[in-house]
Amino acid sequence: MSELKVLVKPFFLEFKRPFALSHGTRKGTNTVFIRLEYEGVYGYGEACLPPYLKYTVEQVVDYLNGLDLKKFDPLKGTLENLNLLSLVIDKCGPARAALSSALWDLESKRLQKNIKDLIGIIEDTPVKYCFTVSAGDADELEQVISEQQGFELLKVKVGSGSDLEFIDSVRRFSTKPVCVDVNQGWTNKLVALDSLKRMVEMNVLFVEQPFPVNMEGEMQWLKENSPISIYGDESIQGPEDVDKFANSFHGINIKFMKCGGIDKAVEMIKIARKMDMGVMVGSMSESSCGIMASSHIASMCQYADLDGPLLIKNDPFKGAVYRNGKLMPVDGAGIGAEPVEGLF
Ligand SMILES: [Mg+2]
């Protein structure tokens, strides 16, 4: 009798260059891969675990190894199987993202239908791809920027103190529009507003998550007064946060590791469109596995920050193809990523 099998594999993704954010510098990210197998067909998913998500590798490995595999019903779709296999996982964004990716991948390959057809298409929109630059690149800025010339915009990570100076130094090597990610690094609303006013001259399109999540009042004040659009990232975890924070942000940054996967992401896009908010699909410096799962919603977003595979040096998956600064959409069935030999 056919049965569903699972393999779980923790892995450390190493950055090509250290990643400097407002809350410290990192050399890489812990991640956990899952492989589901049914009748010789494989489905893959990734749970990427940057420190701020507060889930440990052990927790996620336990969740994924604790799936109730006997409950898998091959006649049912991914969303039903998600609930059948585990209710615990629903609360853990990265584990849910990994499991849902693996189930979509499996279902899509078994039915030979592409994932967008399985989830139900919502209207596409023109999307701009961005490439990430952080203070960790400061010494090699010219080279980092020149390596990735095709991208339409640069995402500049700041929040460590000399933000405007860093944007200025990026400006020396590129005139492209910039989005500035503060990663909750600011704490004073007047200083923040002053910085935003100065950024108008610097071709900054929008600023992401200026204040810590708990500074809701300041966030609303800044949105009312800012000359530049403000997007929420850490404040926006799942669908329930989109209209809750509509007074704080002009747009949202959706990440599968926060919301739990493609179905939740599509729900968030629908709410954001209703509220007239902009949408970016972001990522957590994931491998090609997580990035390709997220790539299926890129065409429904205004901005896509899906450059993880370009930032890491030991990507254990293949499938992400960048051409002229754009991540190529998946042609055919599956999430669009396969492991390198020997990973599982
Ligand atoms: Mg961000």
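Residues numbered from 1 in each chain as written. Predicted model: local features only at pLDDT ≥ 70, side-chain atom pairs only at ≥ 80, totals over all residues. Heavy atoms only, no water.

A. Representation of the domain arrangement of the chain. Split by domain assignment, the chain resolves into domain 1 (5–113) and domain 2 (119–339). Between the C-alpha centres of domain 1 and domain 2 the distance comes to 22 Å. Contacts between the two partners involve 36 residues from domain 1 and, on the opposite side, 47 residues from domain 2. Taken over both partners, the interface formed by domain 1 and domain 2 buries close to 3400 Å², and the fraction arising from carbon and sulfur atoms is 60%. (Domains from an automatic or database assignment. Contact = heavy atoms within 4.5 Å. Buried area = accessible area lost by both parts, 1.4 Å probe.)

B. Representation of the packing of helix α2 (residues 78–85) against helix α3 (residues 93–111) within the structure. It is the contact of α2 with α3, at a shortest axis distance of 10 Å, that shows an interaxial angle of 135°. One finds that α2 runs oblique with respect to α3. As α2 runs across α3, the sense of the crossing is right-handed. Listed contacts from α3 to Thr 78, Leu 79, Asn 81, Leu 82 and Leu 85 of α2 are Arg 96, Leu 99, Ser 100, Leu 103, Trp 104 and Glu 107. In terms of residue class, the contact of α2 with α3 is made up of 6 nonpolar, 3 polar and 2 charged. (Axes fitted to C-alpha atoms, helices over the stretch in contact; angles between N-to-C directions. Helix = DSSP H or I, 4+ residues; strand = E, 2+ residues; numbered from the N terminus. Parallel < 35°, antiparallel > 145°, perpendicular 65-115°, else oblique. Left-handed = near helix turned anticlockwise from the far one by under 90°. Nonpolar A, V, L, I, M, F, W, Y, C, P; charged D, E, K, R; others polar.)

C. Looking closely at the coordination of the magnesium ion. Distances from the magnesium ion to its protein donors, namely Asp 181 (OD), Glu 208 (OE) and Asp 233 (OD), fall within the range 2.1 to 2.3 Å. One chain supplies every donor to the magnesium ion, and in sequence these donors are spaced D-x26-E-x24-D. In this pair, Asp 181 sits in strand β6 (residues 178–181) while Glu 208 sits in strand β7 (residues 204–208), placing the two residues 27 residues apart along the sequence. Residue Asp 181 is classed as buried on the basis of its relative accessible area of 1%. (Donors = N, O, S within 2.8 Å, 3.2 Å for Na, K, Ca; no water. Buried < 20%, exposed > 50% of the residue type's maximum accessible area, 1.4 Å probe, protein only.)

D. Molecular detail of unusual backbone geometry. Within the chain, Asn 183 stands out as a residue other than glycine whose phi angle is a positive 50°. Along the chain, Asn 183 falls in the loop between β6 and α7 (189–200). Taking relative accessible area as the criterion, Asn 183 reaches 6% and is therefore assigned buried.

E. Structural detail: the packing of aromatic side chains. Scanning the entire structure with this criterion turns up 12 aromatic pairs. Summarising the aromatic geometry, the rings of Phe 131 and Phe 151 are spaced 5.4 Å apart at their centres and angled 45° between planes, so their arrangement reads as tilted. With Phe 131 in strand β4 (residues 128–134) and Phe 151 in the loop between α5 (141–147) and β5 (153–157), this residue pair connects regions lying 20 residues apart in the sequence. Residues Phe 131 and Phe 151 agree in their burial class; the two are buried. Through pairs of rings, three or more aromatic residues link up here, namely Phe 11, Phe 33, Tyr 42, Tyr 44, Phe 317 and Phe 344. Above the ring of Trp 221, the side-chain terminus of Lys 189 is found at 4.6 Å from the ring centroid. (Phe/Tyr/Trp six-rings, centres within 6.5 Å; stacked < 30°, edge-to-face > 60°. Lys NZ or Arg CZ within 6 Å of the ring centre and 35° of its normal.)

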